[in-house]
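# Residue-level structural notes
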Amino acid sequence: MPSTTDPRTRRLSRAGHDSSVDSAHGGARDHAPATARPASAREGVDPGDGTVRLVDADGVRHPDATYDAWVEDVDHAALLRLYEDMVVVRRIDTEATALQRQGHLALWPPLLGQEAAQIGSARALDVDDFVFSSYREHGVAHVRGIAGADLLRVWRGVTGAGWDPHEARMAPMQVIIGAQALHAVGYAVGILADQETDERGEAPGSGATAGAAPTEAVISYFGDGATSQGDVAEAFTFASTWTAPVVFFCQNNQWAISEPVSLQSKVPLVERARGFGMPGVRVDGNDVLAVLAVTRQALHRARTGGGPTFIEAVTYRRGPHTTADDPTRYRTSAEIEHWEARDPVDRIAAHLRAEGALDDDGEARVQAAADAVAAELRAGVTSIADPSWPDVFADVYAEPHAELDAERDAYARYLDGFETSEGGGR
Amino acid sequence: MTTQTMTLAQGLNAGLRQALRDDDHVVLLGEDIGALGGVFRVTDGLQREFGPRRVVDTPLAESGILGTAIGMAYRGYRSVVEIQFDGFVYVAFDQIVSQVAKMHARTRGKVPMPLTIRIPVAGGIGAAEHHSESPEAYFVHTAGLRVVSVSNPQDASTVLRQAIACDDPVIFFEPKRLYHVKGEVDPAVDLADAPPMSAAHVVRPGRDVTVATWGSHVATGIDAAEAYDGASIEVIDLRSLSPWDADAVTESVRRTGRLVVVHEGPRQAGVGAEICATVTERCFEHLEAPPVRITGHDVPYPPAKLEGHHVPDLDRVCFAVDQVLGRVPLDVPTVSAAVRSGGEMAA
Ligand SMILES: Cc1ncc(C[n+]2csc(CCOP(=O)(O)OP(=O)(O)O)c2C)c(N)n1
Ligand SMILES: [Mg+2]
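Residues numbered from 1 in each chain as written. Chains lettered and ligands numbered in written order. Predicted model: local features only at pLDDT ≥ 70, side-chain atom pairs only at ≥ 80, totals over all residues. Heavy atoms only, no water.

### Quick notes on the pairing of strand S5 (residues 116–121) of chain B
All names here are of chain B. Heads up, the condition is: Categorising residues by exposure relies on relative accessible area from a 1.4 Å probe, with only protein chains included: less than 20% of the type maximum marks a residue as buried, more than 50% marks it as exposed, and the intermediate range marks it as partly exposed. Strands here mean DSSP runs of E at least two residues long; helices mean DSSP runs of H or I at least four residues long; both are numbered from the N terminus. Think of it this way: DSSP has to see at least two bridges between two strands before they count as a pair.
With respect to burial, S5 is a largely interior element, six of its six residues being buried. In S5, alternate side chains face the same way, and those of Thr116, Arg118 and Pro120 on one face and Ile117, Ile119 and Val121 on the other are all buried. When strand S4 (residues 78–82) meets S5, the two strands line up parallel, connected through three bridges. When the sheet's bridge partners are listed, Val81 is paired in S5 with Ile117. As paired elements, S5 and strand S7 (residues 170–175) share six bridges and run parallel to each other.

Now the structure itself:
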């Protein structure tokens, strides 16, 4: 059986992939508008007055000369699906927070407020694109098809990875701030290397045409705080000088635990891009349509040889950093109210209602669907089996390791002792 | 002397406050140590009291924190760095190992590095990945660093002040499991009268077996000593791992003839290996049994639901005591002959 870890096998499978699966969400394939200019490294460098926004906080759609073309296929039905996605992941988040409070999870980092940034970007991805995220991208994981128990396994403390990264095309969540940005670049470099191999004709059956631009791309998610890490700066350098097909998607949610973004940067984060020689774009991270547009553009650039893009999605973390955090120590309720007025879900609902595409019944139907997902999540958590002691020793190495095997055997004998010496000794 | 009941975290807070008062060149650097007071509240209220120039929220970059602390040391500042969790210190490892540790020797003593690097350490708290590690061996292995680990609120306060006053860089481990443990603390102990930072303490005298440990497992050792029937167990809190108080341990083992070392970090090349080797060299003729180590396994720290099978506990320490007393056969992990001759590769 072909290994899923062999990139060439994947490429073959991609060739046979049914593209309707993801186009159903209006985010399929490479959505270059017919009128798109050839990808240029200059595009998006200067964000002008700043932020790309297509739907404002009141739900009003504003025309945009550059970005309308990137979402011209997004009709009411597609927008409704994006709306439903956001309602569902918000509901997942609420349920997981409750599960943590009730002792079913050890910890949970809420995404409340960041739904549009995650859904808009994740729905821009092709199924074969690969995601390297932090720990907060539950919305992205949901879009990748990771459901129920798999989403919660790690947070319940039973395993280090809730899903098979190759199957989901998404690496396990990353806790070490910024580390995943480099992993994404490496994966993207692998795509380039595959392409060169194909061009030399060394990978028969890969299906790629010689000289074709890469068709896969990589996206890396990280926070505003992460931009201070050396790993992230190194990722920018490597991606830029190697023209790697990667998108750096930074959710600037204004806070890194208790530290405001002003502690990480004196200028808008998007300005970092210029110094590394890549396009940067600042987008209203609470506008799902704008996020979809800028991410599609960046992915298109990556796929067509234009190299990396840095996206700063301006949003807000309305919940605590994690369920262990107490944000009242470092921020005001006025600030939270300010951002509640810019809610990503409400604005799309308002827009759809104004367009006559959403009514009370429609909202109720979406809410019911979200409740069903939440119920599935709750059922999933109780179905997660506890790991057993041999798992402590499992998978540490790919090949047998004599000392560790001996250590495991000694521990097994020690545990056996409890069964044979009941009531003895101490 | 006036004492107050404090948690270990409050003892650390009191130690930091005293150090900030005693020396205006002491500064605190770290992530979330200001308004939040650190994720464990160890720096609670200190920024309010001493201002943001002395209690500094840094950008989110551990290598950056350590690197700038080095530059500040050139200017005569004593930085006390908070690493938020053990698993994040590796991001700063290069600055610590290649720069902090070597600077004094490199400059022939002209540039001391009086840094204190505070690291919440070890597990047993049901935390996520990278939040439960015991990385002490890396630092003990690095010449130029001193390494200490506290086990009670008084030491938390006093040893922290000693570490800050010390002209060498000190890796200061704070066992997370103990942050809420309470004890009596005199926050203003005269450091001139305090026992040296590097001295071990016999926390429970005994005749038959020496248990040497540190940090959160001092409590495990005491529990075992109290629970164990039919033998008298001496428990030593090493307190300092580099240097470690070999005299105190060998003196004890000469009396008891038996040694158990308990630590949570992995076994291979762990600090216990050094202790067992030294004791064997120095006390060979006094030993009634080979020294036994109870440690974390040689695995990445397991997910929370499995940590009970990883972290040394009362039962495992009692089992080791059984072993050195000859009550159960010595059963240390042994690599089979077949494996040693390469059989594993064929399998
Ligand atoms: C190397 C490292 N240092 C510190 C931490 C502790 N920590 C976890 S999340 C976090 C803040 C991250 O902020 P940001 O990058 O903005 O992401 P957000 O949590 O806002 O999504 C910190 C400091 C860590 N996980 N890894
Ligand atoms: Mg943030």
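### Remarks on the packing of aromatic side chains
This is how it is decided: Only the six-membered ring of Trp is used, alongside the rings of Phe and Tyr, when aromatic pairs are assigned; centres must lie within 6.5 Å, and planes under 30 degrees apart are stacked while those over 60 apart are edge-to-face, with the rest tilted.
Counted according to the given criterion, the structure contains 27 aromatic pairs over all chains. Judged by centre distance (5.2 Å) and plane angle (55°), the ring pair of Tyr221(A) and Phe249(A) falls under tilted. Residue Tyr221(A) is found in strand S3 (residues 218–223), and its partner Phe249(A) is found in strand S4 (residues 246–252); the two are separated by 28 residues along the sequence. Where Phe238(A) meets Trp242(A), the ring centres are 5.1 Å apart and the plane angle is 75°; that geometry is what we call edge-to-face. A connected cluster of aromatic rings, assembled from ring pairs, spans Trp389(A), Phe393(A), Tyr411(A), Tyr414(A), Phe418(A) and Phe319(B).

### Examining the coordination of the magnesium ion (ligand 2)
Under ideal tetrahedral coordination, the four donors around a metal are separated by 109.5 degrees; under ideal octahedral coordination, the six donors are separated by 90 or 180 degrees. All names here are of chain A. The criterion, for reference: For Na, K and Ca the donor cutoff is 3.2 Å, while for all other metals N, O and S atoms count as donors only within 2.8 Å; water does not appear among the atoms, so some sites may look incomplete.
At 2.1 Å from the magnesium ion (ligand 2) lie its protein donor atoms, namely Asp224 (OD), Asn253 (OD1) and Trp255 (O). For the magnesium ion (ligand 2), the donor residues sit on a single chain with the sequence spacing D-x28-N-x1-W. Classification of Asn253 as buried rests on a relative accessible area of 5%. We classify Trp255 as buried; its relative accessible area is 9%.

### A word on the site of ligand 1
Applicable threshold: Any residue with a heavy atom lying within 4 Å of a molecule or strand is counted as near it. Distance and chemistry together define a polar contact, namely a pair of N or O atoms within 3.5 Å, with one atom able to donate a hydrogen and the other to accept it when in protein, and with adjacent residues in sequence counting only for side-chain atoms on both sides. For the area figures, the Shrake-Rupley method with a 1.4 Å probe applies, and any residue is considered shielded solely by the protein chains shown.
Neighbouring ligand 1 are 21 residues, the closest being Tyr135(A), Arg136(A), Val175(A), Gly225(A) and Glu62(B). Ligand 1 sits at the junction of chains A and B, each of which supplies nearby residues. Within the backbone of Val175(A), one N or O atom sits 2.8 Å away from a nitrogen atom of ligand 1. Contact between ligand 1 and His321(A): an oxygen atom at 3.4 Å from a side-chain N or O atom of the residue. Here ligand 1 loses 96% of its free accessible area of 580 Å² to cover by the protein chains.

### With respect to the domain arrangement of chain B
Residue and element names in this part refer to chain B. The cut-off we apply is this: Residue ranges labeled as domains rest on an automatic or database domain assignment. Residue contacts are counted whenever heavy atoms from the two residues lie within 4.5 Å of one another. Here the quantity called buried area is the total loss of accessible area, with a 1.4 Å probe, experienced by two parts when brought into contact, counted for both. Any Lys or Arg side-chain nitrogen found within 4 Å of a carboxyl oxygen on Asp or Glu counts as a salt bridge.
Domain assignment breaks chain B into domain 1 (4–185) and domain 2 (201–341). Measuring from the centre of the C-alpha atoms in domain 1 to the corresponding centre in domain 2 gives 27 Å. Residue-level contacts link 24 residues of domain 1 with 23 residues of domain 2. When residues of domain 1 are sorted by the area they lose upon contact with domain 2, Glu136, Ser149 and Arg177 head the list and together hold 25% of the total. One can count one salt bridge joining domain 1 with domain 2. In this structure, Asp155 engages Arg239 in a salt bridge whose closest nitrogen and oxygen atoms are separated by 3.1 Å. Across the domain 1-domain 2 interface, the total number found is 12 residue pairs in polar contact (both at pLDDT 80 or more). Among the elements of the structure, helix H6 (136–140), strand S6 (146–149) and helix H7 (153–165) are those that each provide at least two residues to the side of domain 1 that touches domain 2. Broken down by element, the residue count for the side of domain 1 that touches domain 2 peaks at four residues, all from S6.

### A few points about helix H1 (residues 8–22) of chain B
Inclusion rule: Expected span of a helix: the number of residues minus one, times 1.5 Å.
End to end, H1(B) covers 21 Å across 15 residues, agreeing with the expected 21 Å (1.5 Å per residue, within 8%). In terms of burial, H1(B) is largely enclosed, as 11 of its 15 residues are buried.

### Here's the deal with the interface of chain A and chain B
By convention, interface size is frequently given as the accessible area that disappears when the constituent parts associate. The interface of chain A with chain B comprises 48 residues on the first partner and 50 residues on the second. At the boundary of chain A and chain B, one finds three salt bridges. Residue Lys305(B) is joined to Asp386(A) by a salt bridge in which the shortest nitrogen-to-oxygen separation is 3.6 Å. There are 12 residue pairs in polar contact (both at pLDDT 80 or more) connecting chain A and chain B. Looking at the side of chain A that touches chain B, the elements that each hand over two or more residues are helix H15 (390–393) and helix H16 (402–420) of chain A.

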